[in-house]
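Structural characterization, general
Spelled out from the first residue to the last, the chains are:
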Amino acid sequence: MTGTGTDVGKTVVVAAIAALARAAGERVTVVKPAQTGVAPGEDGDLAAVVRLAGPVDTLELARFPDPLAPATAARRAGATPLTAAEVVAAVRALDTDLAIVEGAGGLLVRLNDGTDTHPPQTLADVAAALDAPVVVVASAGLGVLNTAALTAEALARRGIPLAGTVVGAYPAQPDLAERTNLDDLPVVTGAPLLGVLPGGLGTASPAALLDAARCGLGPVLGGRWSPDRAS
């Protein structure tokens, strides 16, 4: 799971997918490779997923206090940065039916600074090594077509399958750009629109989130939403 940027509803979408899988009887593990901007002992994104989706398994591999890209936050903390190989090994070791790996920010946000002989690594390197399809969580408004297209292009250049996009927080009263973006996102990404979740779900109860997930995510993700209802 990646996003077209920060604060696009990625954690809510992760929780929604996890809730649907859990309701279908699957064992779900949500992995957050690097949590930034959260102090030791504080609740991070995984705590939000459990609060929204119910008791799913979670795994956080690294945590850095500054609200920055993982590579930068690790550097500032004087900590050892995370590597793609560590993430891949942790995911492959899971005993679960569905593993959802939630990146930090967008696809090419750096996990580390690389070395003299190896370039910096990102979530794209993790997805490529796992041969895992990527879901892109998109913002709803003006400007998202460019960032979504860039993300799709970066995935295609690396041979990573793009499962589709989900709009993570759609307003109750969308403007012109927000309405037309639902038609244009599949065009610019070359991948289907897999769902549209309403804004404000970050404080929903597990029952309310599950209902929203069923109504707002398509069959590929376990719901019953259809693109025909998007506009």
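Residues numbered from 1 in each chain as written. Predicted model: local features only at pLDDT ≥ 70, side-chain atom pairs only at ≥ 80, totals over all residues. Heavy atoms only, no water.

1. Quick word on the environment of Pro 186
Examined against the element boundaries, Pro 186 turns out to sit in helix α7 (residues 176–189). In this structure the C-alpha to C-alpha distance between Pro 186 and Leu 221, which are 35 residues apart in sequence, comes to 16 Å. With near-sequence residues (within four places) excluded, Pro 186 lies in contact with Ala 191 and Leu 193. (Helix = DSSP H or I, 4+ residues; strand = E, 2+ residues; numbered from the N terminus. Contact = heavy atoms within 4.5 Å.)

2. Quick notes on the pattern of salt bridges
For the structure on display, the rule yields 7 salt bridges. As a salt-bridge pair, Lys 32 and Glu 102 come within 3.5 Å of each other at their nearest N and O atoms. Here Glu 102 lies in the loop between β4 (98–101) and α5 (123–130) and Lys 32 lies in strand β2 (residues 28–36), a separation of 70 residues in the sequence. The pair formed by Lys 32 and Glu 102 is uniform in burial state, with each residue classed as buried. The network of salt bridges with common partners includes Arg 27, Asp 95 and Asp 97. (Salt bridge = Lys/Arg side-chain N within 4 Å of Asp/Glu carboxyl O. Buried < 20%, exposed > 50% of the residue type's maximum accessible area, 1.4 Å probe, protein only.)

3. Some words on the UniProt feature "binding site: ATP" (unreviewed entry) in the protein chain
According to UniProt, the feature "binding site: ATP" (unreviewed entry) maps to Asp 7, Val 8, Gly 9, Lys 10, Thr 11, Val 12, Asp 45, Glu 102, Gly 103, Ala 104 and Gly 105 in the numbering used here. For the residues just named, distributed over 99 residues, the greatest C-alpha separation is only 13.6 Å, placing them together at one site. For Ala 104, the location among the structural elements is in the loop between β4 and α5. Among all residues touching Ala 104, those that are not within four sequence positions of it are Lys 10, Lys 32, Ala 34, Pro 70 and Val 109. Among the structural elements, Gly 105 can be located in the loop between β4 and α5. Those residues in contact with Gly 105, other than ones at most four positions away along the chain, are Thr 2, Gly 3, Gly 5, Thr 6 and Lys 10. (UniProt positions renumbered as here; feature names shortened; annotations may be inferred.)

4. Brief notes about the pairing of strand β3 (residues 57–64)
Relative to β3, β2 runs parallel, the two being bridged by 7 bridges. Each residue of the ladder has a partner; that of Val 31, found in β3, is Leu 59. Viewed along the sheet, the connection from β2 through helix α2 (residues 45–53) into β3 turns out right-handed. (Pairing = 2+ DSSP bridges. Right-handed = clockwise from strand over helix to strand, strands pointing away.)

5. Brief notes about the packing of helix α4 (residues 84–92) against α5
For the pair α4 and α5, the least separation of the axes is 9 Å and the interaxial angle reads 45°. By the angle between their axes, α4 is oblique relative to α5. Crossing of α4 over α5 shows right-handed handedness. Between α4 and α5, the contacting residues are Ala 84, Val 87, Val 88, Val 91 and Arg 92 on the first element and Asp 125, Val 126, Ala 129 and Leu 130 on the second. In terms of residue class, the contact of α4 with α5 is made up of 7 nonpolar, no polar and 2 charged. (Axes fitted to C-alpha atoms, helices over the stretch in contact; angles between N-to-C directions. Parallel < 35°, antiparallel > 145°, perpendicular 65-115°, else oblique. Left-handed = near helix turned anticlockwise from the far one by under 90°. Nonpolar A, V, L, I, M, F, W, Y, C, P; charged D, E, K, R; others polar.)

6. Observations regarding the sheet that holds strand β1 (residues 2–3)
Read from one edge of the open sheet, 4 strands run β1-β5-β6-β7, paired in parallel fashion. Looking at strand neighbours, the two that pair on one side only are β1 and β7 (193–198), the edges of this open sheet. Relative to strand β5 (residues 134–138), β1 runs parallel, the two sharing 2 bridges. Paired with Thr 2 across the two strands is Val 136, which belongs to β5.

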